[in-house]
Amino acid sequence: MIPLQRPPLTEQLEAELTRRTEAIRRAGPTTATGRAAWRTAREPKARLRTLLHRMTPGLLRCMYCGDNLGTDIDHFEPIARAPLRTFDWHNHLLACAYCNSNQKRDRFPLDPVSGAALLIDPATEDPADHLLLYLESGSYQGLTAKGHATIDVFALNSRAELVRGRRLAFTVVKALLRDWHTRTATGDHATAAEIADAVDLLWQADVVRAVYRLADNPPLAEAVLGTEALAALTALAAPAG
């Protein structure tokens with residue numbers, strides 16, 4: 001998972017979502033009324049999907065696993081728990097069908113003491129505060145209760161294809177960084193720019209972000225990436241200008 005920036009709504013869409021929320025309130029805010037209202041909201045959902053596409057990591061990846069295509073508008077706090085949040089823009093994330101329908105469903109663990117949500121919301125907090133990605137193994141370590149709950153609910157470590165995908169993505173990122181270094185050194189700046197774009201759009205955005213975070217620790221980065229990849233990372237991670 002990586003942090004995401006949520007764009008603002010247009011006044012028109014915000015008014016439409018508010019109107020639909022009030023309709024649920026008047027009908028009686030239940031799971032049934034919330035889900036029925038959501039099923040029939042074809043146009044607002046299309047506009048919400050467009051905004052969510054602007055937020056997604058890589059090429060429209062799931063905001064939870066980061067691996068599969070983001071196909072579903074997920075309610076972070078499920079409709080079954082909070083029907084009045086059915087049309088709450090801050091409650092919408094883009095998920096793959098597997099994370100949404102097979103893993104999360106209506107699960108929404110809460111802290112037993114404070115009652116706070118125990119799932120990471122990547123649009124309001126940095127997942128790196130709760131999760132540590134081990135690049136060479138492709139596995140996550142939970143750093144907090146939120147991290148552990150998120151790993152569990154989305155099966156981030158127990159789905160073998162996700163772990164293997166992150167491990168393979170790390171191999172690809174290292175190769176791309178080495179190639180960027182070679183192309184830049186030989187003056188092939190057009191190809192170097194294409195490689196940089198490829199890194200930014202790689203399907204495993206969490207792997208790319210974890211690699212970029214290594215730039216803050218050059219000795220570790222050199223040990224993990226190698227000299228040429230580290231040189232490329234240092235150049236690409238440097239602030240523009």
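Right above here is the structure, for reference.
No experiment lies behind these values; they were computed from the predicted model shown. (Residues numbered from 1 in each chain as written. Predicted model: local features only at pLDDT ≥ 70, side-chain atom pairs only at ≥ 80, totals over all residues. Heavy atoms only, no water.)

1. A look at the nonpolar core
Met55, Tyr64, Leu135, Val207, Val211 and Leu225 are the most contacted members of the largest nonpolar core, which has 64 residues in total. It is helix α6 (residues 160-185) that contributes the most residues to this core, seven residues altogether. When near neighbours in sequence (up to four residues on either side) are disregarded, Leu135 contacts Arg167, Phe170, Val207, Ala210, Val211 and Leu214. (Core = buried A, V, L, I, M, F, W, Y, C linked by side-chain atoms within 4.5 Å. Buried < 20%, exposed > 50% of the residue type's maximum accessible area, 1.4 Å probe, protein only. Helix = DSSP H or I, 4+ residues; strand = E, 2+ residues; numbered from the N terminus. Contact = heavy atoms within 4.5 Å.)

2. Examining the packing of aromatic side chains
The geometry of an aromatic ring pair is captured by the separation of the ring centres together with the interplanar angle, meaning the angle of the planes. Within the structure shown, the criterion is met by three aromatic pairs. Relative to Phe87, the ring of Trp38 has its centre 5.4 Å away and its plane inclined at 50°; by these criteria the two rings are tilted. Of this pair, Trp38 sits in helix α2 (residues 31-39) while Phe87 sits in the loop between β1 (72-75) and β2 (92-95), placing them 49 residues apart in sequence. The exposure classification of Trp38 matches that of Phe87, with both residues buried. Considering the side-chain rings of Phe76 and Phe108, the 5.4 Å spacing of their centres and the 90° angle between planes classify their relative orientation as edge-to-face. Separated by 32 residues along the polypeptide, Phe76 in the loop between β1 and β2 and Phe108 in the loop between α4 (97-104) and β3 (131-134) bring together distant segments of the chain. Like Phe108, Phe76 is buried. It is Arg6 that lies over the ring of Trp89; its NZ or CZ is 4.6 Å from the centre. (Phe/Tyr/Trp six-rings, centres within 6.5 Å; stacked < 30°, edge-to-face > 60°. Lys NZ or Arg CZ within 6 Å of the ring centre and 35° of its normal.)

3. With respect to helix α10 (residues 227-237)
For α10, the set of buried residues is Ala229, Leu230, Ala232 and Leu233. For α10, the angular spread of buried residues about the axis comes to 160°, placing them on one side. Elements that come into contact with the buried residues of α10 comprise α6, α8 (205-213) and α9 (218-225). (Arc of directions from axis to C-beta.)

4. Comments concerning the packing of helix α1 (residues 11-27) against helix α3 (residues 42-55)
Axis angle and axis distance: for two packed helices, these are the angle between their axes and the distance between the axes, and together they describe the pair. Here α1 crosses α3 at 130°, and the two axes come no closer than 11 Å. As far as their axial angle goes, α3 and α1 are oblique. α1 and α3 meet at a crossing whose hand is left-handed. Within the contact between the two elements, α1 uses Gln12, Leu13, Glu16, Leu17 and Arg20 and α3 uses Pro44, Arg47, Leu48 and Leu51. Looking at the contact of α1 with α3 residue by residue, the classes come out as five nonpolar, one polar and three charged. (Axes fitted to C-alpha atoms, helices over the stretch in contact; angles between N-to-C directions. Parallel < 35°, antiparallel > 145°, perpendicular 65-115°, else oblique. Left-handed = near helix turned anticlockwise from the far one by under 90°. Nonpolar A, V, L, I, M, F, W, Y, C, P; charged D, E, K, R; others polar.)

5. Some details on helix α7 (residues 189-200)
With twelve residues, α7 should reach 16 Å at 1.5 Å per residue; the first-to-last C-alpha distance of 16 Å fits that figure. The set of residues buried in α7 consists of Ala192, Ile195, Ala196 and Val199. On an axial view of α7, the arc spanned by its buried residues comes to 100°, and they lie on one face. Relative to its buried face, α7 has exposed residues pointing more than 90 degrees away, namely Ala190 and Glu194. Considering only its buried residues, α7 is in contact with α6, α8 and α10. (Expected span 1.5 Å × (residues − 1).)

6. Points about the side chain of Lys174
Structurally, the position occupied by Lys174 is in helix α6. Within the buried set, Lys174 has no salt-bridge partner at all; the shortest N-O distance to an opposite charge, 5.5 Å, is to Glu136. Not counting residues up to four positions away in its chain, the partners in contact with Lys174 are Val224, Leu225 and Ala229. (Lys, Arg positive; Asp, Glu negative; His and termini not counted. Salt bridge = Lys/Arg side-chain N within 4 Å of Asp/Glu carboxyl O.)

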